[in-house]
Each structure stands twice: as structure tokens, then as C-alpha cells.
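# Observations on the three-dimensional arrangement
Residue-level listing of the chains:
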Amino acid sequence: MPETTYHMVSTVEEALGKARELNGDFCYLAGGTDLQILRQQRLVRQSHVIDISRVEELRTVHADETGLTLGAMITLDELVKHPVIKRKYPLLITAARSIATPVIRKTATVGGNLLLKNRCSFYNQSYDWRQAIGSCLRDHGDICQVVGTGKNCYSRNVSDLAPALIALGAQAEIRDPTDRVTVPLLELYSGDGIENHQYINNNNGILTTIRIPARNGQSWFRKLRLRRSVDFTSLTVAIVWDQRRVRIGINGASMAPVLIRENLSGLSLENLQRQARKKCRFVDNDLLPLQYRRDMLQVYLQEWWDQRNQAAL
Ligand SMILES: Cc1cc2nc3c(=O)[nH]c(=O)nc-3n(C[C@H](O)[C@H](O)[C@H](O)COP(=O)(O)OP(=O)(O)OC[C@H]3O[C@@H](n4cnc5c(N)ncnc54)[C@H](O)[C@@H]3O)c2cc1C
Ligand code: SF4
């Protein structure tokens, strides 16, 4: 592993001060369940780590009649055990419980999950493996190993909390050394396979809280993967709807999560399936084949549609 200097901080202010000093040559460390693997595989090159795991102000959960505010350093285990979240936001519980294993969820955080680096079966490999096949665009090479050209990286965003929170209409608060912004969570994702996140990468920002508005209605979640015990997603679909509207979050299919928003009146399944086909840019960089994942997206949408229609009878 490359040599790294470690900095422990106890407040957001202190973290941002350190970030300013280090001028981009650092990563924030939350639970480390993603970052440490990337470092071992020599996929992270920054020389400093700023450990934010002891920042208490990022560990709060507040729920009231207007919604839920989650600190970014809440672990996935704390999230799935929270009584109010269990009662009012079952979609978040299902999504979080589908992530990794119970042991990993004790360390993995909400913020770390939302800011997971994109994955690709040609990139998330050991250094020796990558050297053997030749580097790719995202790893100092000239071409993308998936499509064979040098234009774009098609690595996939695989956070399972992201599509659920996007379907729930969540907002993210980001603080950087000079500013504090609140944006719809979807805007955090750049759609670029190499620089996956906006606000965070360029401005040394810290994701501080996620705000989810109170919502009546129902939810639905499906996740496709090779081994249900531990694998990252090959396709995740999270749906939230009420009498009038539906919000569909899709992830694992493209460089960024996808949102489809529609009024239910007059909507057809074919229309939804067409939109999903158009917005998701599957390429062959996952354990499961491209066409199978494409087909399963259509199957999931049909499954939800049928279930909803049956419930309405
Ligand atoms: C075996 C295994 C299986 C997994 N399966 C799944 C799965 O099925 N679905 C899924 O979604 N995930 C899966 N994961 C990934 C897991 O969810 C993430 O590793 C975890 O949620 C990341 O949280 P963390 O706190 O460990 O983040 P870290 O590893 O500490 O950080 C991840 C990234 O986010 C940045 N970061 C973290 N917090 C902040 C913040 N507040 N502000 C700014 N930047 C920040 C870090 O710099 C880093 O780039 C799996 C991981 C493993 C090891
Ligand atoms: S999609 Fe292409 S450029 Fe991006 S990580 Fe995979 S092989 Fe590399």
C-alpha cells in the first residue's frame, strides 16, 4: 500500500481547515470499508487521509413531522435498528439491509455509501491483474477496456442507498472550506465515470447531512446480484408512489443513479419501460451479462406495475 499520512479530526471545521491545508492531496475516511480496499489495490493515490469518524456532529438522527435528517456518519447498522426509521421509512431499511454483510454494516456509513466510488469489473481488481490486461482510461491508460475507445469511462454507480433516497426525494448538505450548499441528492452525481461526484471532488467538500421529506405512500425495492450474501448490485430499483405520482430510482446501471418521475394518471407501463431503457446506459462491465441486466430492468418495472394494479383492485 502507498505510504499515507493520517489526520484525525473531531469537528467539521477542523476537517475543512485540514482540507484547505492539504490542497486536494487527501481523502476523507469514514468507515473505510470502501476506501481501504481501493488503497490496497492502489486505486487511491492521495498521500493524506482525514479521518472524520469521530466527528460527533455528523452522527445525529432527527425525525419530526416534516421529515428525517440523517448525519452522514450514521452507520448502516444504526440506520436499520432505528425505531422511527423502521416505522416511517421501510424503504431505507430494506435498502440498507441489502448492503454488504452485518459485520461490514457496523462500520460502513450512510455518507460513505452515497459517495462510494463507481465500480467496473476491469478496474476493481488487484494492481497485478490490471497490469496484466493493460491499464484503462480511469487508471492512466489510453482506452476503456469495455468499449475499446478512449473517450469515456462507463464505470457504474453501485450505491444501494442512493436510489432509495433519490426516490424518497432526499436533499444533501455539503460543506466545503468556503461554502455550505443543499442540493437534491441526485445532483451529487456527475455522470462522469472517472470523477463520480460533484461538490465533493472539486471543492474538498464534506457531505454532512441527508434530509428526507415526510411522505405518505408506498415503496418497493429490488436488487439483482450474483450472490445475495455479499455481492455489489448489478441493478437496483427503488420505487416510491402515492395516489398521484411515482418516483423511480435506478442504480447499478449507469455512471450515476437515474431518476424517473411521473404522474400516474394516464401513465402506461410501456412508457415507463421506454424511459428506463433510454436513461440507463448499460455496458458489459459487471459479473452479470449486459442483456440480462437490461431485461431484468424491464422485468422489475413490470413486476411493480402488476403488483400495484393488483393491490388497487
Ligand atoms: C464485501 C463488500 C460488499 C459490499 N456490498 C455492497 C452492496 O451490496 N451495496 C452497496 O451499496 N455497497 C456495498 N459495499 C460498499 C459499502 O456500502 C461501502 O463500503 C460503505 O457504505 C462505505 O461506507 P464507509 O463509511 O466505509 O466509507 P469509506 O470507505 O470511508 O468512504 C467511501 C468514500 O466516500 C468518501 N466519504 C465518506 N464519507 C464522506 C463524507 N461524509 N463526506 C465526503 N466524503 C466522504 C471517502 O473519501 C471515500 O471516497 C460493500 C462493501 C464491501 C467491502
Ligand atoms: S468503464 Fe472502461 S475506463 Fe471505466 S473503469 Fe471500466 S474499463 Fe476503465
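See the structure above.
Residues numbered from 1 in each chain as written. Chains lettered and ligands numbered in written order. Predicted model: local features only at pLDDT ≥ 70, side-chain atom pairs only at ≥ 80, totals over all residues.

## A look at the nonpolar core
Counting residues in each nonpolar core, the largest one holds 84 residues, and the members touching the most others are I52, L91, V110, A164 and L165. A total of six residues in this core trace back to one element, the largest contributor, which is helix α9 (residues 161-167). In contact with L165, not counting residues within four places along its chain, are A170, L185, I210 and I212. (Core = buried A, V, L, I, M, F, W, Y, C linked by C-beta atoms within 7 Å. Buried ≥ 20, exposed ≤ 12 C-beta atoms within 10 Å, placed from the backbone. Helix = DSSP H or I, 4+ residues; strand = E, 2+ residues; numbered from the N terminus. Contact = placed C-beta atoms within 7 Å.)

## Remarks on the site of ligand 1
As a structural note, the neighbourhood of ligand 1 is formed by 31 residues, with A30, G31, G111, G112 and N113 the closest of them. Secondary-structure elements contributing two or more residues to the shell around ligand 1 are β2 (26-29), α7 (110-114) and β8 (206-213). (Near = placed C-beta within 6 Å.)

## Observations regarding the sheet that holds strand β11 (residues 245-251)
One open sheet accounts for four strands, arranged β9-β10-β11-β12; its pairing is antiparallel. The open sheet has two free edges, formed respectively by β9 (218-224) and β12 (258-263), since each of these has just one partner strand. For this sheet, the mean inter-axis angle between neighbouring strands, taken without regard to orientation, is 10 degrees. Where β9 lies against strand β10 (residues 235-241), seven bridges are found, and the strand directions are antiparallel. Counted as the bridge partner of R222 is V237 from β10. Contacts between helix α12 (residues 290-312) and the sheet are confined to β9 and β10, with β10 contributing the most and set at about 25 degrees to the helix. (Pairing = 2+ DSSP bridges. Axes fitted to C-alpha atoms, helices over the stretch in contact; angles between N-to-C directions.)

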